[in-house]
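# Architecture at a glance
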Amino acid sequence: ASLMVSEALARLLKTGVTVMSIIHQPRYSIFAMFHHIILLGFGGRVMYCGKPTGVVPYFKKLRYVFPRGENPADVMLDISSGAVGPTDHTVLT
């Protein structure tokens, strides 16, 4: 269902309509469909603003780890919630 909604929004976008949406913990294929994202952290702080293709390299530059086989969207949720820290991907409490 989420993919169908995302595809419908993508078609609407092609007509020239500006589309804004909020999506929580999307499947990566849906996440990659977005043209521009804003990732908010604790307290509504902007943690990333840009193209979806740039978010993983951005956080890797900040020494966050994206473990092989894990959904990058799940890792971004962990980062934005403060559940993991840079470098060692340890869980913060």
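A few points on the structure.

Alternating positions in strand β1 (residues 37-40) separate cleanly, Ile 37 and Leu 39 being buried on one face and Ile 38 and Leu 40 remaining unburied on the opposite face. As defined by bridge partners, β1 adjoins strand β2 (residues 46-50) across four bridges and the pair is classed as antiparallel. Residue pairing across strands places Ile 38 opposite Cys 49, the latter belonging to β2. Hairpin connection, β1 to β2: the antiparallel pair is bridged by five residues, and Gly 43 has positive phi, about 75 degrees.

Okay, the environment of Ser 81 next. Relative to the elements of secondary structure, Ser 81 occurs in helix α4 (residues 72-81). The sequence separation of Ser 81 and Phe 42 amounts to 39 residues, and the corresponding C-alpha distance is 5.9 Å.

Judged by side-chain polarity, Ile 38, Leu 40 and Val 46 come together as a nonpolar surface patch covering roughly 290 Å² of accessible area. Residue placement: Leu 40 occurs in strand β1. The exposure class of Leu 40 is partly exposed, given its relative accessible area of 48%.

On to the side chain of Ser 80, then. Structurally, the position occupied by Ser 80 is in helix α4. Judged by relative accessible area, Ser 80 falls into the buried class, the value being 9%. Of the polar contacts made by the side chain of Ser 80, one reaches the backbone oxygen of Leu 77; its length is 3.2 Å. Apart from residues no more than four positions distant in its own chain, Ser 80 is found in contact with Leu 39, Leu 40, Gly 41, Phe 42 and Met 47.

The next subject is helix α1 (residues 2-14). Counted at 1.5 Å a residue, the expected span for α1 with its 13 residues is 18 Å, and the 19 Å between its end C-alpha atoms agrees. A positive backbone phi angle near 100 degrees is found at Gly 16, which sits one or two residues after α1.

Ranked by size, the top nonpolar core spans 15 residues in total, and within it Tyr 48, Val 55, Phe 59, Phe 66, Met 76 and Ile 79 carry the most contacts. Counting only elements with at least two residues in this core, the list comes to β1, β2, α3 (52-61) and α4. For this core, the element with the most residues is α4, which contributes four residues. Here Tyr 48 is in contact with Ile 37, Ile 38, Leu 39, Gly 54, Val 55, Tyr 58 and Phe 59, once residues within four sequence places are set aside.

Criteria and thresholds
Residues numbered from 1 in each chain as written. Predicted model: local features only at pLDDT ≥ 70, side-chain atom pairs only at ≥ 80, totals over all residues. Heavy atoms only, no water. Buried < 20%, exposed > 50% of the residue type's maximum accessible area, 1.4 Å probe, protein only. Helix = DSSP H or I, 4+ residues; strand = E, 2+ residues; numbered from the N terminus. Pairing = 2+ DSSP bridges. Patch = residues over 30% accessible without salt bridge, like charges linked within 9 Å, V, L, I, M, F, W, Y side chains within 5 Å. Areas by Shrake-Rupley, 256 points an atom, 1.4 Å probe, with all protein chains shown as cover. Salt bridge = Lys/Arg side-chain N within 4 Å of Asp/Glu carboxyl O. Polar contact = N/O pair within 3.5 Å; in protein donor to acceptor, adjacent residues only side chain to side chain. Contact = heavy atoms within 4.5 Å. Expected span 1.5 Å × (residues − 1). Core = buried A, V, L, I, M, F, W, Y, C linked by side-chain atoms within 4.5 Å.

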